[in-house]
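So the chains spell out like this:
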Amino acid sequence: MKSDIKDIKNLVILGAGESGVGAAILGLAKGMDVLISDFGSIPEKYLEVIRERNIPYEQGGHSEEQILKADMVVKSPGIPPTAPIVRKITEKGIPVVSEIEFAGYFTNAKMICITGSNGKTTTTLLIYHILKKAGLDVGLAGNVGFSLARQVAEDPHEYYVIELSSFQLENMFDFKAHVAVILNVTPDHMDRYDHKMELYTAAKFRILQNQTPEDFFIYWMEDPIIAEQVKCVQSEALRLPFSEHRSEESAAWLDDSGIVHFETPRDVWEIPRDRLSLTGLHNLYNSMAAGLSASALDIRNDVIRDALADFEAVEHRLEFVKEIDGVTYINDSKATNVNSTWYALESMTRPTILILGGKDKGNDYSEILPLVKEKVKAIVCMGVDNTKLLDFFSAEVPEIRDTHSIEEAVRACAQLAAEGDAVLLSPCCASFDLFKSYEHRGQLFKECVSALS
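Let me begin by describing the structure that accompanies this report.

Rules of the game
Residues numbered from 1 in each chain as written. Predicted model: local features only at pLDDT ≥ 70, side-chain atom pairs only at ≥ 80, totals over all residues. Heavy atoms only, no water. Helix = DSSP H or I, 4+ residues; strand = E, 2+ residues; numbered from the N terminus. Expected span 1.5 Å × (residues − 1). Core = buried A, V, L, I, M, F, W, Y, C linked by side-chain atoms within 4.5 Å. Buried < 20%, exposed > 50% of the residue type's maximum accessible area, 1.4 Å probe, protein only. Phe/Tyr/Trp six-rings, centres within 6.5 Å; stacked < 30°, edge-to-face > 60°. Contact = heavy atoms within 4.5 Å. Axes fitted to C-alpha atoms, helices over the stretch in contact; angles between N-to-C directions. Parallel < 35°, antiparallel > 145°, perpendicular 65-115°, else oblique. Nonpolar A, V, L, I, M, F, W, Y, C, P; charged D, E, K, R; others polar. Salt bridge = Lys/Arg side-chain N within 4 Å of Asp/Glu carboxyl O. Pairing = 2+ DSSP bridges.

A look at helix α11 (residues 281–296)
Moving on, step 1. The end-to-end C-alpha distance of α11, which contains 16 residues, comes to 23 Å, matching closely the 22 Å that a straight helix rising 1.5 Å per residue would cover.
Moving on, step 2. Backbone geometry just downstream of α11 places D298 in the positive-phi region, at approximately 65°.

Focus: the nonpolar core
Nonpolar side chains in soluble globular proteins generally cluster together in the buried interior.
Moving on, step 1. In terms of nonpolar packing, the biggest core is built from 54 residues, with F102, L148, I162 and F205 touching the most fellow members.
Moving on, step 2. If one sorts the elements of this core by residue count, helix α1 (residues 18–29) sits on top with five residues.
Moving on, step 3. Core analysis: the second largest hydrophobic core is formed by 46 residues, I130, W220, A294 and I304 among them.

What to know about the packing of aromatic side chains
Moving on, step 1. On inspection of all chains with the given rule, the structure shows twelve aromatic pairs.
Moving on, step 2. Relative to Y285, the ring of F242 has its centre 6.1 Å away and its plane inclined at 40°; by these criteria the two rings are tilted. Within this pair, whereas F242 is found in strand β11 (residues 238–242), its partner Y285 is found in helix α11, the two being separated by 43 residues in sequence. Of the two residues, F242 and Y285, neither departs from the other in class, the shared state being buried.

Section: the side chain of S98
Moving on, step 1. Within the element layout of this structure, S98 appears in the loop between β5 (96–97) and α5 (99–104).
Moving on, step 2. Residues contacting S98, with those up to four places away along its chain left out, are V74, K75, Q168, N171 and M172.

What about the packing of α1 against helix α2 (residues 44–52)?
Helix packing geometry: the angle between the two helix axes and the distance between the axes.
Moving on, step 1. One can describe the packing of α1 onto α2 by two numbers: an axis separation of 10 Å at closest approach and a directional angle of 10°. Considering the angle they form, α1 stands roughly parallel to α2. Each of E18, V21 and I25 in α1 lies in contact with α2, whose residues at this interface are Y46, V49 and I50.
Moving on, step 2. Class assignment for the residues of the contact of α1 with α2 results in five nonpolar, no polar and one charged.

Description of the pattern of salt bridges
Moving on, step 1. Taken as a whole and assessed by the stated rule, the structure comprises 19 salt bridges.
Moving on, step 2. Of the charged contacts, one joins R266 and D298 as a salt bridge, the two residues approaching to 3.1 Å between their closest N and O atoms. Of the two residues, R266 sits in the loop between β13 (259–263) and β14 (268–272) while D298 sits in the loop between α11 and α12 (301–310), which places them 32 residues apart along the sequence.
Moving on, step 3. R266 gets classed as partly exposed once you look at its relative accessible area, which sits at 45%.
Moving on, step 4. In this structure, R275 and D306 form a salt bridge, with 3.5 Å as the shortest nitrogen-oxygen distance. Of the two residues, R275 sits in the loop between β14 and α11 while D306 sits in helix α12, which places them 31 residues apart along the sequence.
Moving on, step 5. Classification of D306 as partly exposed rests on a relative accessible area of 36%.
Moving on, step 6. Within the structure, one salt-bridge network assembled from shared partners comprises R53, R150 and E154.

Structural notes on the sheet that holds strand β4 (residues 72–75)
Moving on, step 1. With parallel pairing, five strands are arranged side by side in an open sheet as β3-β2-β1-β4-β5. Of all the strands in the sheet, the pair left with one neighbour each is β3 (57–59) and β5.
Moving on, step 2. Bridging between strand β1 (residues 10–14) and strand β2 (residues 33–38) involves five bridges; their strand directions are parallel. By the bridge assignment for β2, N10 is matched with D33.
Moving on, step 3. Where α1 meets the sheet, its contacts fall on β1, β2 and β4, and the angle it forms with β1 comes to roughly 170°.

Dropping the structure here:
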């Protein structure tokens, strides 16, 4: 498809978010006739950009006749392949690609790509931090930073660090990652994948497409799903797996004295675990993945060590908010699936009041039940409908509350908490029943906590 890009004249963009507007800007820069079509309302900040550049657009519906004349369609990752307009485009044989795929047609930059069910954002930002500290010309894209397409059009870089969701990977074909990282694969977005884990896993492993022996595949070898999938993967990339304990295959591991070791064909180095800025087992894995990625790019060991030591944590991911009357409040709003909440609970050292709830994506809460029994003294459910949570956890914790707003949930936590406790917002669920996004949820949580004091 990349070889045919010069023949693309009419480009349609479905969805006018960060990726869609970026793709439109790149399409215009390459001389294409562009139409942005959004079935909903376009956010004002993107409307301003669209109008400033005189990009043709429509919102509140799709003009099918015009869309079906497209030579190529760039689809927002949030639009499922089952959407009626996407079905019609596909039936007509019009290529449908992601914004990342489209941007890749017009750059030869080295791509460092990160996917996984949990830890993507932290690891992406950590790798970006290391590369910046090393003085490389690097951009940040995907689910964080700015649109890759817009950067390729207006602010090109030699390297890009890209967070990729399974949704984005679905419509990537010719794109190649120089460094591909798969952190973990646990059930998520099952409603999108017909509740079939193999379909979700296959989407994640598309990150390995087109890799050559000069490229790198970094992954957590102790993840059972990854361990099984890599047995049948055809990637030619050099494999650099990481693990908690050393094995013959490990390229990064932790020894019994608390030293994290890195061993690649290019170099061997180490760092004490207590020097890592990020704490918790999940962040140990994130740091290993980032360190291996940086080593694959020939960054000096002292630079990597310093960057792993001075990186600042990601907002909404195990973010310390405040301590009030001896109670610590922690914002983990980014935990939108069960496994992410498992990692949050694993890192807790205080008796915990846990806030759960939101839009359930087919969750199986049994995964976190042992940690809930060990560490959680009370659960506060927060959602439009908490029936599933109440049914599952009522007999498992000393106390459970049913709330339907962030304000009500925070007040309930303050009543339940005693000095020495922690209140953890780690919802397990998507935010869209009560909030605009997980960021919106986390921000409101922080505001409500601040109002307590």
